Amino acid sequence: MSIRLILMSKEGQARQQYEEALRRQQVEFDTVGTLAELTDMLKQKAYNGILIDVLSKVKESSEEQTRVHHILDMYPLARLK
């Protein structure tokens, strides 16, 4: 059984480094840039966990953060810096 994760990170150097690390570990993953994209992907595929870049989450509106908060509680979650 393979592990499938979803990574939420804004485009840029940090995102590239996260993706490289996941590829080295041979982990299946999808990458999104916003909480809205995250919730859409969670409806489409099954994931074993969520990786969230702290700066990406902080920059989202409080309304979006509140809307998705209960979903994040249902998955193993790692906050990345």
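Above this note sits the structure.
What counts as what
Residues numbered from 1 in each chain as written. Predicted model: local features only at pLDDT ≥ 70, side-chain atom pairs only at ≥ 80, totals over all residues. Heavy atoms only, no water. Pairing = 2+ DSSP bridges. Helix = DSSP H or I, 4+ residues; strand = E, 2+ residues; numbered from the N terminus. Axes fitted to C-alpha atoms, helices over the stretch in contact; angles between N-to-C directions. Buried < 20%, exposed > 50% of the residue type's maximum accessible area, 1.4 Å probe, protein only.

Colleague: Quick question: what am I supposed to make of the sheet that holds strand 4 (residues 77–80) here?
Modeller: Across a sheet, strands are paired by hydrogen bonds formed along the backbone, either parallel or antiparallel in direction. The parallel open sheet is built from four strands, whose spatial order is 2-1-3-4. Of all strands in the sheet, those bounded by a partner on one side alone are strand 2 (28–32) and strand 4. Pairwise comparison of adjacent strand axes, ignoring direction, gives a mean angle of 20° for this sheet. Pairing between strand 1 (residues 4–8) and strand 2: five bridges, direction parallel. Note that in strand 2 the partner of leucine 7 across the bridge is threonine 31.

Colleague: Which parts of the structure should I look at to understand the pairing of strand 3 (residues 49–53)?
Modeller: The side chains of a regular strand alternate between both faces of the sheet. Across the five residues of strand 3, five count as buried, placing the element largely inside the fold. Residues Gly49, Leu51 and Asp53 line one face of strand 3 and the alternating positions Ile50 and Ile52 line the opposite face, and both faces are buried. One ladder, built from four bridges, connects strand 1 with strand 3; its direction is parallel. Along strand 3, the bridge assignment pairs leucine 7 with leucine 51. Bridge count for strand 3 against strand 4 is four bridges, and the pairing is parallel. Residue pairing in the sheet places isoleucine 50 in a bridge with leucine 77 of strand 4.

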